[in-house]
Amino acid sequence: MASPAQQLPPGWAAEWDQNAQRYLFIETATGRTQWEPPFPDPEAMNRAPSASPPPAQSHHHTKRRQYAPGQTQAYYGADTIAPPGPAYGAVPAPAAATQPQLFTPGLAADGQFAQQQMGPGVPPAQAPYYGGAQPEPEYINAPGFGQGPAFQPPGVNALADQFSQMNMGQKGLRLFTTNLLAAPPDPLELHRPPPDIILPPNSCLSNSPFANADPSYQRCTLNTIPTSHSLLQKSKIPLGLVITPYRSLKEGDEPVPLITDTVIARCRRCRAYINPYVQFIDGGNRWRCCICSMSNEVPQLFDWDQVRNQPGDRWARAELNHGVVEFVAPTEYMVRPPQPAVYVFLIDVSHNAIQSGMVATATRTILENLDRIPNEDNRTKVAFIAFDTSLHFFSLPAGTTDSSMLVVSDIEDVFLPKPTDLLVNLTESRPAIENLLSRLNDMFQDNHTIGSALGPALQAAFKLMAHIGGKIQVLSASLPSVGAGALKNREDPKVLGTSKESALLQPASPFYKTFAIECSRAQVSVDMFLFSSGYQDVATLACLPHYTAGQTYFYPAFNASRTEDAIKFAHEFGEVLAMPIMLEAVMRVRASKNLRMSAFHGNFFVRSTDLLAMPAVPQDLSYAIEIQIEDNITAPFVVLQTAVLHTTCYGERRIRVITTALPTTNNLSEIFASADQVAIATLLANKAVERSLTHKLEDARDAVFNKMVEILSAYKASMTAAGAGASAQLAISENLKMLPVLLLGLLKNVGIRQSAQIPPDLRAYAQCLLTTLPSQLLIPYIYPTFYSLHNMPPECGTVGEHGIIMPQPLPLTSERLERHGLFLIEDGQTIFLWVGRDAVPQLIMDVFNLPNYEVLRGGKTTLPVLDNPFSQRVNAVIQKTREMRRGVYYPHLYVVKEDGEPPLRLWALSCLIQDRADVLPSYQQFISQLRDKVNGSSY
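Turning our eyes to something else, we now look at the overall build of the protein. Counting its regular elements, the protein contains 23 helices and 37 strands. Relative to all contacts within the protein whose residues are 6 or more apart in sequence, the contacts with residues 24 or more apart total 74%. Here the protein has roughly 38800 Å² of accessible surface; of this, 52% comes from carbon and sulfur atoms.

In structure tokens:
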């Protein structure tokens with residue numbers, strides 16, 4: 001039989017009273033209660049007493065608290081109902097036992113405060129900031145629990161509407177506060193997507209899930225943009241964009257849609273490209289730009305399907321449905337016809353280079369990868385120049401297998417010894433190239449020349465290719481010592497760890513920057529592969545890739561007789577050769593009115609105020625751009641659009657357009673709730689490296705620490721009850737709770753760490769990585785991954801539906817190391833296999849094929865694949881670790897014994913950044929320092 005709750009007139013609610021075993025009726029407007037049913041018709045009155053009680057599983061309070069009318073209404077009426085306060089005599093809510101959360105004032109969203117008070121054990125009513133469905137909470141005393149639909153008085157809706165107009169109850173991101181002192185870092189947090197971008201209704205033309213660019217192409221430090229500079233300042237969060245325009249595609253990634261009809265709609269005023277956030281007006285004949293609001297005509301052929309030669313569907317066009325698209329560019333986008341791809345190899349053949357095996361490995365790798373070098377249209381050109389203290393050119397005439405060497409000893413005034421056959425077509429001269437590569441190492445086998453004329457070799461390569469542009473691949477195994485760009489060994493152990501150390505990270509000679517800018521003008525890009533066993537001045541040589549949009553690769557103490565060294569270099573060099581590069585590229589970021597790009601970080605040359613020149617764009621290279629809010633923003637959302645005009649290595653001029661739309665707000669809580677901790681850490685890593693070069697390393701570390709203090713202080717002052725007073729807790733929003741540990745990892749990174757033991761070359765190379773790695777590679781580089789292998793679940797290391805199943809990552813602390821265990825620690829550049837001293841012989845046998853721990857040797861190794869399931873699973877985890885991220889890097893594997901060589905042990909343990917090391921604090925100490933600073937500033 002229907003219960004009275006379903007038959008009440010409007011304005012009444014019924015509640016089952018356990019003591020009286022009958023219904024109590026409440027008039028919601030006044031809070032008045034009565035036992036008699038408020039039914040006008042007598043038939044219903046007769047039926048009421050026999051109404052069935054509610055189902056047994058519903059938990060109702062034994063006694064009812066009397067509420068004032070307004071409270072009763074809120075108590076019964078809200079859509080998302082918070083758990084009520086404890087009813088006296090009732091069983092208290094289970095949340096009362098859990099640790100109380102911090103209260104965030106200024107949030108009038110329904111049930112917000114009570115939800116935060118519920119503690120971590122109860123799921124929130126709405127989806128958390130990272131998306132993903134959560135079960136609806138079952139609240140005791142919810143209206144009509146276990147019965148029919150709950151009745152809702154009209155007043156509450158009106159109230160909610162008023163709040164939403166005041167921008168308080170807006171369906172935006174909800175803010176959850178967490179206490180850093182009580183919430184240890186959870187590595188899984190870093191795998192969550194950034195906070196949702198919640199755009200106002202009707203801001204996008206398309207319902208496509210791809211209308212906003214994927215964060216792996218472009219992500220902003222804030223997914224809700226403050227409407228004014230002062231509001232941004234109040235939050236203290238840096239506003240910036242992290243861009244990886246030419247991201248490689250892994251299996252399962254969506255390819256970038258290609259628009260081939262050369263109909264490119266652009267705004268007449270700001271030159272932005274049409275995208276899913278424009279508006280069509282005037283019956284669809286014109287479109288309004290979402291960046292500058294200019295009204296533009298729709299191109300005539302925009303609605304024409306050129307493939308089928310019939311009218312097309314405008315709404316199906318890729319540029320109106322995808323945030324990342326690529327246009328084939330018509331001739332007006334070309335200064336000259338697309339040039340062929342050119343690769344000039346500069347190979348150091350001095351005594352060091354030959355003895356280390358670098359030349360043999362490099363020539364074999366080029367030979368094996370000739371078919372992988374981009375050459376679909378058979379236009380690719382190559383040249384080889386060997387250098388020691390002289391330059392050795394190779395003439396490679398087409399159609400023969402012969403090659404002749406021409407030596408130029410005059411390195412003061414470099415000239416090309418022959419006008420032809422030095423830069424040759426890869427296809428036509430293939431036999432001669434193969435013959436040369438197979439003989440090159442033997443030709444210089446007995447070379448005892450020590451010294452390097454790298455500068456003159458670069459000048460020669462430039463003369464050879466300046467009329468076309470392309471890539472110079474430099475393979476150098478010693479410090480440049482003669483001719484232009486000669487460098488001196490300036491490594492001084494006494495300077496390390498002092499304020500003068502940053503001078504060692506700056507270029508020692510102006511030659512390389514000047515030469516790099518010349519290269520940039522001629523569309524020449526330089527990649528450096530550095531192999532020295534001694535000091536090589538990476539800081540100076542990295543200038544070339546920095547200004548020409550290339551990359552630096554460093555192999556300290558390279559020795560090809562160790563197969564691991566040879567395999568790592570051959571793999572990375574092969575991947576670089578096979579990479580489909582963008583040539584002759586220029587990049588510009590456009591943004592809505594009152595947003596300005598104010599600073600640029602990464603490998604490129606800033607040609608005009610905001611035009612970034614990149615002679616070649618390698619895949620998976622990242623750029624960071626700081627954004628300034630110049631004036632108040634009135635628009636409900638803003639658009640950031642990156643356009644890269646480039647030539648593919650197959651000779652086609654294209655434009656890649658990456659569009660991100662973000663809502664605006666004047667509400668500080670939404671700004672904190674939308675902050676992207678991964679993008680913030682990436683931007684701050686770039687800023688820290690720049691500061692270490694313009695100021696001192698110490699200044700860079702202080703700036704990172706102070707920025708974290710500022711963000712925490714701003715949050716405490718504006719978002720917590722403590723306000724300006726001291727607090728025993730350290731509050732931050734849930735979506736930023738990994739930022740302190742990421743910044744601690746950055747402070748402990750080789751690039752800016754406080755230490756007197758780090759060689760300048762290693763530090764300079766780490767800084768190159770910090771400024772070029774995309775977020776997916778940078779985050780493990782500053783916050784490594786740590787797995788326990790000896791007790792991983794049986795499915796780990798086996799193939800699941802998404803490839804190899806990986807173990808759960810552990811927090812980075814040595815407390816998790818066990819003396820009988822096997823652990824893996826990796827940062828994307830190096831993998832450590834940590835073996836506990838009490839590891840049982842069976843474990844050592846299964847993994848290393850050795851009888852016991854004592855005979856196991858630490859150091860660089862290749863793990864054998866043995867005929868037992870555990871060995872195969874461990875090898876599968878290592879293999880997946882090497883392959884799962886984008887980029888060409890192939891990390892070395894080191895076996896580290898718990899009681900092995902101290903330097904190797906310390907290196908591995910330095911990855912466990914939550915521990916105390918040397919003068920650097922543990923995570924707990926770091927958090928305490930932050931709290932003291934935050935409280936200290938408020939006394």
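Okay, back to it.
Between helix H15 (residues 677-694) and helix H19 (residues 775-782), the least distance of the axes is 10 Å, while the angle of their chain directions is 75 degrees. Here H15 is positioned roughly perpendicular relative to H19, judged by the angle of their axes. Contacts between H15 and H19 involve Val678, Ala681, Thr682 and Ala685 from the first element and Ser775, Leu778, Ile779 and Ile782 from the second. In terms of residue class, the contact of H15 with H19 is built from six nonpolar, two polar and no charged.

Attention now moves to the pairing of strand S7 (residues 240-243). What you see with S7 is no split at all: Gly240 and Val242 on one side and Leu241 and Ile243 on the other are buried throughout. Taken together, the three bridges between strand S5 (residues 218-220) and S7 define a ladder with antiparallel strand orientation. Across the sheet, residue Cys220 finds its bridge partner in S7, namely Leu241. One ladder, built from four bridges, connects S7 with strand S27 (residues 623-629); its direction is antiparallel. Looking at S27, one finds that Gly240 is bridged to Glu626.

This next bit is on the pairing of S27. Within S27, six of the seven residues are buried, which leaves the element mostly enclosed by the surrounding structure. Sheet analysis places strand S24 (residues 595-601) next to S27, joined by six bridges and oriented antiparallel. Directly across from Ala599, in S27, lies its bridge partner Glu626.

Let's shift gears to the confidence of the model for the protein. Caution is warranted with low-pLDDT regions, since their predicted coordinates should not be read in detail. For the protein, the mean per-residue pLDDT works out to 81, and 84% of the residues sit at or above 70. The low-confidence segment residues 41-170 (pLDDT under 50) makes 185 contacts with residues lying over four places distant or belonging to another chain.

Under the criterion given, the structure shown has 37 salt bridges. Linking Asp261 and Arg317 is a salt bridge whose minimum nitrogen-to-oxygen distance equals 3.0 Å. Of the two residues, Asp261 is situated in the loop between strand S8 (258-259) and strand S9 (279-281) and Arg317 in the loop between strand S13 (310-311) and strand S14 (324-328); the sequence distance between them amounts to 56 residues. For the pair Asp261 and Arg317, one class covers both residues: buried.

What the three strands build is an open sheet, ordered S9-S10-S11; its pairing is antiparallel. Edge positions in the open sheet fall to S9 and strand S11 (295-297), since each of these has one partner strand only. Averaged over all neighbouring strand pairs, the angle between strand axes comes to 35 degrees, with direction disregarded.

Turning to the environment of His695, a few remarks are in order. Secondary-structure assignment places His695 in the loop between H15 and helix H16 (697-719). Sequence separation between His695 and Ala503 is 192 residues, and the spatial gap between their C-alpha atoms is 9.3 Å.

With that settled, consider the nonpolar core. Grouped burial of nonpolar side chains is what soluble globular proteins tend to show. With 197 residues, the main nonpolar core has Leu346, Phe384 and Phe672 as its most contacted residues. Residue contacts for Leu346: discarding those within four places in its chain leaves Ile385, Phe387, Ala457, Leu458, Ala461, Ile472, Gln473, Val474 and Leu475. Within the second largest apolar cluster, 24 residues are counted, among which are Tyr787, Met792, Leu824 and Val835.

What counts, and at which threshold
- Residues numbered from 1 in each chain as written.
- Predicted model: local features only at pLDDT ≥ 70, side-chain atom pairs only at ≥ 80, totals over all residues.
- Heavy atoms only, no water.
- Helix = DSSP H or I, 4+ residues; strand = E, 2+ residues; numbered from the N terminus.
- Contact = heavy atoms within 4.5 Å.
- Areas by Shrake-Rupley, 256 points an atom, 1.4 Å probe, with all protein chains shown as cover.
- Axes fitted to C-alpha atoms, helices over the stretch in contact; angles between N-to-C directions.
- Parallel < 35°, antiparallel > 145°, perpendicular 65-115°, else oblique.
- Nonpolar A, V, L, I, M, F, W, Y, C, P; charged D, E, K, R; others polar.
- Buried < 20%, exposed > 50% of the residue type's maximum accessible area, 1.4 Å probe, protein only.
- Pairing = 2+ DSSP bridges.
- pLDDT = per-residue confidence, 0-100.
- Salt bridge = Lys/Arg side-chain N within 4 Å of Asp/Glu carboxyl O.
- Core = buried A, V, L, I, M, F, W, Y, C linked by side-chain atoms within 4.5 Å.

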